[in-house]
Structures are given as C-alpha cells and as structure tokens.
Amino acid sequence: MATDTGLESLIDQTISVITNDGRNIVGVLKGFDQATNLILDESHERVYSTKAGVEQVVLGLHIIRGDNIGVVGELDEELDSNLDLSALRAHPLKAVQH
C-alpha cells in the first residue's frame, strides 16, 4: 500500500470522489496504490441537474485512476442518508481546466 496519502484511515469507509472531469462518485474505499488509483465497492455516480433531482447511476465495484482524481473526502453517512436527493437541484460540475 502507498504511504503518506492519508487514505489508510478511510479504508472500508464511505467516501466521495470528485474527478477531474466533474463526476461525483460515492462508494466504499477498498484499496489504493502508490499512484492513488482507488478501488471502490458498492459505488454509484451522482449526476446533478438543474431540472431534475440527483440521478444515482449504480457502478458497483469501480476503479478510479489516480490521475483523474480531483478531491477525495469522507462521507458522513448519517447526514447523507437524511438528504432528499430527488429534490436536490444543482449545476453539474465542470471539468478541471489546466
């Protein structure tokens, strides 16, 4: 396993990953490597829209390449379960521009 990434404490925890192309993927962190490639289980992508509620696309076991990760954060499952995603409206995130 990689060291000094801060991800060790998040193993088997639900996390949210924002990718460089603006996707929001939520899942249980199962592993990672020295290139910060992530393995997520029970994952889904949250697709935001200003016209409809948040669509959750089931991905299952999913690998995210480290060079496509913008932000990784721990998800507060209690707060998240209280959100009414069907009523939430938001602009989709734009891709990172270098």
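First, a word on scope: everything that follows refers to the structure included in this document. What you are looking at is a predicted structure, and each value in this text was computed from that prediction instead of being measured.

What to know about a nonpolar patch on the surface
Thought 1: On the surface, Ile39, Leu61 and Ile63 cluster together to form a nonpolar patch covering roughly 310 Å² of accessible area.
Thought 2: Looking at the element boundaries, Ile39 is found in strand 3 (residues 38-47).

Points about the sheet that holds strand 5 (residues 69-74)
Thought 1: Within the open sheet, the five strands sit side by side as 4-3-2-1-5. Their pairing is antiparallel. Only two strands of the sheet have a single partner each, and these edge strands are strand 4 (55-64) and strand 5. Averaged over all neighbouring strand pairs, the angle between strand axes comes to 25°, with direction disregarded.
Thought 2: In this sheet, strand 2 (residues 24-32) lies alongside strand 1 (residues 14-19) in antiparallel orientation, the contact comprising five bridges. Of the residues in strand 2, the one forming a bridge with Val17 is Ile25.

Some words on the pattern of salt bridges
Opposite charge on two side chains lets them pair, provided their charged atoms get close.
Thought 1: In total, this model carries four salt bridges according to the counting rule given.
Thought 2: Asp80 is paired through a salt bridge with Arg46; the nearest N and O atoms lie 2.7 Å apart. Residue Asp80 is found in helix 1 (residues 77-81), and its partner Arg46 is found in strand 3; the two are separated by 34 residues along the sequence. The residues Asp80 and Arg46 share a single accessibility class, namely buried.

Definitions and cut-offs
Here, residues in each chain are numbered from 1, in the same order as that chain's written sequence. Predicted model: local features are reported for residues with pLDDT of at least 70 only, side-chain atom pairs are reported and counted for 80 or more only, and whole-chain, interface and lining totals are derived from all residues. By convention in this description, side-chain values take in all heavy atoms of the structure and omit both hydrogens and water. Surface patches are defined over residues having more than 30% relative accessible area and no salt bridge, joining like charges when they lie within 9 Å and nonpolar side chains (Val, Leu, Ile, Met, Phe, Trp, Tyr) when within 5 Å. Accessible surface is estimated by sampling points in the Shrake-Rupley manner with a 1.4 Å probe; for residues, cover comes only from the protein chains shown. For salt bridges, the criterion is a side-chain nitrogen of Lys or Arg within 4 Å of an Asp or Glu carboxyl oxygen. Where helices and strands are cited, they refer to DSSP runs of H or I of at least four residues and of E of at least two residues respectively, numbered from the N terminus. At least two bridges found by DSSP between two strands are what make those strands a pair. Between the N-to-C directions of two axes lies an angle of 0 to 180 degrees, each axis being a line fitted to C-alpha atoms and, for a helix, fitted only over the stretch in contact. Residue burial is assigned from relative accessible area. The probe radius is 1.4 Å, only protein chains are included, and a residue is buried under 20% of its type maximum, exposed over 50%, and partly exposed in between.

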